[in-house]
Amino acid sequence: MRFVAIGDSFSEGVGDELPDGRVRGWADIAAQGWADAAGHSIQYANLAIRGKLAWPILEEQLEPALALNPTHLSFNGGGNDMLRPRSDPEHIADTFSRVLRRCDDHGVTLILLSGANPAGQLPLGSLIQRRGDELSAAVLRRVANRPDVVRALNWPDRELSTAPYWSEDRLHMNSAGHHRVAARVLHALGYEPPAEWWSPSAAAIAGPAGMAYYRQHVGPWVKRRLTRKSSGDGRQAKYPTWVERSPQ
């Protein structure tokens, strides 16, 4: 098995930081869980970079990922697009059609993910909820007749949308959230994940509230938008070539 992930911060693993500062995330967790469940080594690569919009993910990551000759490719995108003033769910969903078409060209199995739903905790949450619902429906229409596409759909997961699964910025999942997504991916692949991956092992850590939250998290995001900068500027993929994950 050769598994490559493409996408934005969701697939890079932002929010699931290890003690040494590296990010882990659901794709890393799922890759190791896959090897453990299957009982043999798999090859794993991750080209995802935080801050990327859906079409730049496709334009910058898809062909390099396919050039690795994977057996499975995971794709999620659109979360950053939904935060922009002008967001077109149908245009975003077209990226999923393109990714599927290119996977078909290469004989690669697509693992399709929808992102977790942060709307209940964010400013303008009702807008994010509506856009996320529209995007999810648009993507599902594009794969309605494709039972071969592996589906790991996180947007409808109400448990995952609650505070214990989210980091202090309320926009990225914490370790518990990434483990729950990894569990869903393994289940979709036909394996039984460890039961503890489905639920957090500790209570949520309270983050800043009120104006402190806006100063620490919303303000920097707005500044990046105004200056046309991205949190991913200058960053490189963490695993641009294959790394081996062996059963533990």
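As the structure is a prediction and not an experimental result, all values here were calculated from the model.

Asks: Please explain the packing of helix H3 (residues 54-67) against helix H4 (residues 89-106) as it appears in this structure.
Replies: Axis separation between H3 and H4 bottoms out at 10 Å; the angle between their running directions is 10°. It follows that H3 is roughly parallel to H4 by the angle criterion. Every residue of H4 that contacts H3 at Ala54, Trp55, Leu58, Leu62, Glu63 and Leu66 is listed here: His91, Ile92, Asp94, Thr95, Arg98, Val99, Arg102 and His106. Here the contact of H3 with H4 is composed, by residue class, of 7 nonpolar, 3 polar and 4 charged.

Asks: What exactly am I supposed to notice about the pattern of salt bridges here?
Replies: Two side chains carrying opposite charge are able to pair once their charged atoms lie near each other. For the coordinates displayed, the defined rule picks out 16 salt bridges. Note that glutamate 63 and arginine 102 form a salt bridge whose closest N and O atoms lie 2.9 Å from each other. Taken together, the residues span a long stretch of sequence, with glutamate 63 in helix H3 and arginine 102 in helix H4 at a distance of 39 residues. Its relative accessible area of 37% is what places glutamate 63 among the partly exposed residues. Ionic pairing is found between aspartate 148 and arginine 146, a salt bridge with its closest N-O pair at 2.7 Å.

Asks: Looking at this structure, I do not really get helix H5 (residues 125-142). What am I missing?
Replies: In an α-helix, one turn spans 3.6 residues; hence positions three or four apart end up facing the same way. Between its terminal C-alpha atoms H5 stretches 26 Å, which fits the 26 Å expected from 18 residues at 1.5 Å a residue. The set of residues buried in H5 consists of Gly125, Ile128, Arg131, Gly132, Leu135, Ser136, Ala138 and Val139. The arc enclosing the buried residues of H5, seen along the axis, measures out at 165°, which places them on a common side. When the buried face of H5 is taken as reference, the exposed residues oriented beyond 90 degrees from it are Ser126 and Arg141. Contact partners of the buried residues in H5: H4 and strand E4 (109-114).

Asks: How do you make sense of the sheet that holds strand E3 (residues 72-75) when you look at a structure like this?
Replies: Sheet strands pair via backbone hydrogen bonds, and the direction of the pair is either parallel or antiparallel. Within the open sheet, the 6 strands sit side by side as E5-E4-E3-E1-E2-E6. Their pairing is mixed. Each edge of the open sheet carries a strand with a single partner, namely strand E5 (150-153) and strand E6 (239-245). Ignoring strand direction, the axes of neighbouring strands in this sheet form an average angle of 20°. Strand direction decides the pairing type here: strand E1 (residues 2-6) and strand E2 (residues 42-46), joined by 4 bridges, are parallel. Across the sheet, the residue bridging to arginine 2 is glutamine 43, located in E2. Sheet contacts for H3: E1 and E3; angle to E1, the most-contacted strand, approximately 170°. Docked against the sheet, helix H6 (residues 175-188) engages E4 and E5, running at close to 155° with respect to E5.

Criteria and thresholds
Residues numbered from 1 in each chain as written. Predicted model: local features only at pLDDT ≥ 70, side-chain atom pairs only at ≥ 80, totals over all residues. Heavy atoms only, no water. Axes fitted to C-alpha atoms, helices over the stretch in contact; angles between N-to-C directions. Helix = DSSP H or I, 4+ residues; strand = E, 2+ residues; numbered from the N terminus. Parallel < 35°, antiparallel > 145°, perpendicular 65-115°, else oblique. Contact = heavy atoms within 4.5 Å. Nonpolar A, V, L, I, M, F, W, Y, C, P; charged D, E, K, R; others polar. Salt bridge = Lys/Arg side-chain N within 4 Å of Asp/Glu carboxyl O. Buried < 20%, exposed > 50% of the residue type's maximum accessible area, 1.4 Å probe, protein only. Expected span 1.5 Å × (residues − 1). Arc of directions from axis to C-beta. Pairing = 2+ DSSP bridges.

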